[in-house]
Amino acid sequence: AAASATAINKLKIVDDPTLPRQERINKVVTLIVQKFVDLVENNRLNRVFYYKEKPRKEAFAQLLFYAIASSYCDAADIGLTAEADAGVGPVDFKFSDGSDSVLVEVKLSTNSSTVKGYKNQLDAYNKAERSGYGHYLVIDVGKLGSKWTTLQAIAAANPEYAKSNKLHLVDGSL
């Protein structure tokens, strides 16, 4: 699914060498996240999150994101590591160029740790990996409830944190 989606949906990445490396990586990661959201919401990739009309496990969504991101990282000459672990547990994805990195954590709306993962988990990963940017993708496959509103409230109450740790809601519903 990822191979056909990325082959059909090219991602134009324009590098700005005047920016610091970490900001350049973050721009590429932001484009990849936006393309992932677009593919899920507008190109029917949401269908693969389900088996017999029930949401698959979170690991499946993470593997799909990895497969899509990997294709685009190759084109942008950015390293991608899944399950990087600098000591506090594995972050889903670490995009890097040398010592500069940007992190991505993927959660399904069905995960009971969706809310606490944004502030606690992503913050710990950022410190351990010495990353200046993080992206937190919440894929809504049901049971979202008030989780997204709570996440937005956390971001609003911590504007400096939210500036470098972006929230993304992906409509993965059927």
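Above this note sits the structure.
Residues numbered from 1 in each chain as written. Predicted model: local features only at pLDDT ≥ 70, side-chain atom pairs only at ≥ 80, totals over all residues. Heavy atoms only, no water.

Draft legend 1. Seen up close, the pairing of strand S5 (residues 100-108). For S5, the tally of buried residues reaches nine of nine residues, placing the bulk of the element in the interior. The alternating pattern of S5 places Asp-100, Val-102, Val-104, Val-106 and Leu-108 on one face and Ser-101, Leu-103, Glu-105 and Lys-107 on the opposite face, and all of these are buried. Bridging between strand S4 (residues 91-97) and S5 involves five bridges; their strand directions are antiparallel. If you follow Phe-93 over to S5, its bridge partner there is Val-104. Linking S4 back to S5 in an antiparallel pair, the connection comprises two residues, with Gly-98 at a positive phi of about 65 degrees. Direction of pairing for S5 relative to strand S6 (residues 133-140): parallel, over a ladder of seven bridges. From the neighbouring strand, Val-102 faces S6, where its bridge partner is Tyr-133. In this fold, the crossover linking S5 to S6 by way of helix H4 (residues 114-129) has right-handed handedness. (Buried < 20%, exposed > 50% of the residue type's maximum accessible area, 1.4 Å probe, protein only. Helix = DSSP H or I, 4+ residues; strand = E, 2+ residues; numbered from the N terminus. Pairing = 2+ DSSP bridges. Right-handed = clockwise from strand over helix to strand, strands pointing away.)

Draft legend 2. Broad picture of the nonpolar core. Counting 33 residues, the largest nonpolar core has Ile-32, Phe-36, Phe-49, Phe-65, Phe-95 and Ile-139 as the members making the most contacts within it. Among the elements that line this core, the one with the most residues is helix H2 (residues 21-42), at nine residues. Every residue in contact with Phe-65, bar those within four places of it in the chain, is listed here: Ile-32, Val-33, Phe-36, Phe-93, Phe-95, Val-104, Val-106 and Leu-137. Of all hydrophobic cores here, the second largest spans 11 residues; its members include Leu-122, Trp-148, Leu-151 and Ala-162. (Core = buried A, V, L, I, M, F, W, Y, C linked by side-chain atoms within 4.5 Å. Contact = heavy atoms within 4.5 Å.)

Draft legend 3. Structural context of the pattern of salt bridges. Applying the stated rule across the entire model yields six salt bridges. For Arg-21, the salt bridge identified is with Asp-100, shortest N-O distance 2.8 Å. In this pair, Arg-21 sits in helix H2 while Asp-100 sits in strand S5, placing the two residues 79 residues apart along the sequence. Taking relative accessible area as the criterion, Arg-21 reaches 35% and is therefore assigned partly exposed. (Salt bridge = Lys/Arg side-chain N within 4 Å of Asp/Glu carboxyl O.)

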